[in-house]
Amino acid sequence: MHTVLKRWKNVCEAIANAQAQRHGKQSPIILIAVAKTQPPEAILPLLEAGHCDFGENRVQEAMRKWPGLKAAYPQARLHLIGSLQANKAQEALSLFDVIHTVDRPSLVDALIKARGEGRGARGKEFFVQVNTGDEPQKGGVIPNEFFRLMDYILAFRPSPLAPLPISGLMCIPPAGDPPAPHFALLRTMAEKSRLAHLSMGMSGDYEMAIRFGATHIRVGTAIFGERQE
Ligand SMILES: *Cc1c(COP(=O)(O)O)cnc(C)c1O
């Protein structure tokens, strides 16, 4: 069996085990296979096996890799997990199904406008990225400004364009910090905003993220091995 498939199966088992230890209401967990820097040859075994959800962090790289793969494997759903420039909103919506990195009013405006004009803009999902560690260089809205951004997104504006449908929150805990407090903070913020989905947990901490209620985990190296930088 292809190494990527073996690793993917191991991750699926670990997800099932972590989920079994979770108490209370269970929502299904979506495993996003993060394929950034990986060539199509590494991605194809997963597509062949029927895997659906894939992540990329750069619009340009995804535009090179994915239009052909998506045409050949219509089950593929593509998640943008890297920061998005407002001037690429239209392009991103033409390829990605889920955007995990909504973090500022100007991007909200650009996405709403792109959805209004866009082909295939329906059925898209959006997450607000929260910079839970308040790191200056990192994307995401800082916790102090989170509720203001949510108000901006939800506010009625006299506009023919529909508001952006936000389904959950996303975070990337600071490298070197224990991730648990960040996962707990994100969950509290989602509960307060009545958002059902949590995009959190990567190769090193997805099992813990699941215990904290993650619904979407983003796993790269544990499936594909080291990145081909
Ligand atoms: C690269 C990346 C991941 C996956 O990281 P791994 O540690 O390789 O699993 C998850 N989320 C984001 C936002 C990323 O950029």
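That block above? That's the structure.
What counts and what doesn't
Residues numbered from 1 in each chain as written. Predicted model: local features only at pLDDT ≥ 70, side-chain atom pairs only at ≥ 80, totals over all residues. Heavy atoms only, no water. Near = heavy atom within 4 Å. Polar contact = N/O pair within 3.5 Å; in protein donor to acceptor, adjacent residues only side chain to side chain. Areas by Shrake-Rupley, 256 points an atom, 1.4 Å probe, with all protein chains shown as cover. Salt bridge = Lys/Arg side-chain N within 4 Å of Asp/Glu carboxyl O. Helix = DSSP H or I, 4+ residues; strand = E, 2+ residues; numbered from the N terminus. Buried < 20%, exposed > 50% of the residue type's maximum accessible area, 1.4 Å probe, protein only. Disulfide = S-S within 2.5 Å.

(A) Quick peek at the site of the ligand. In the vicinity of the ligand, the contacting residues are Val34, Lys36, Ile81, Met170, Ile172, Met202, Ser203, Arg218, Val219, Gly220, Thr221 and Arg227. The side chain of Arg218 places a nitrogen or oxygen atom 2.9 Å from a nitrogen atom of the ligand. Between the ligand and the protein, one listed contact pairs an oxygen atom with a backbone N or O atom of Thr221 at 2.8 Å. Protein contact buries 89% of the 390 Å² of open area that the ligand shows by itself.

(B) Quick peek at the pattern of salt bridges. Applying the stated criterion across every chain, the model contains seven salt bridges. A salt bridge links Asp53 to Arg77, with the shortest nitrogen-to-oxygen separation between them at 3.3 Å. Of the two residues, Asp53 sits in strand 2 (residues 53-56) while Arg77 sits in strand 3 (residues 77-80), which places them 24 residues apart along the sequence. On the basis of relative accessible area, Arg77 is assigned to the partly exposed category, the value being 27%. With a closest N to O distance of 3.2 Å, Arg77 and Glu125 form a salt bridge. One end of the pair, Arg77, is in strand 3; the other, Glu125, is in strand 5 (residues 125-129), with 48 residues separating them in the sequence.

(C) Highlighting the state of the cysteines. Taken as a whole and judged by the stated rule, the model has zero disulfides. This cysteine, Cys12, is not joined by any disulfide, and Cys52 carries the nearest cysteine sulfur, 11 Å off. Of the residues examined, Cys12 reaches a relative accessible area of 31% and is grouped as partly exposed. Judged by relative accessible area, which is 30%, Cys52 ranks as partly exposed.

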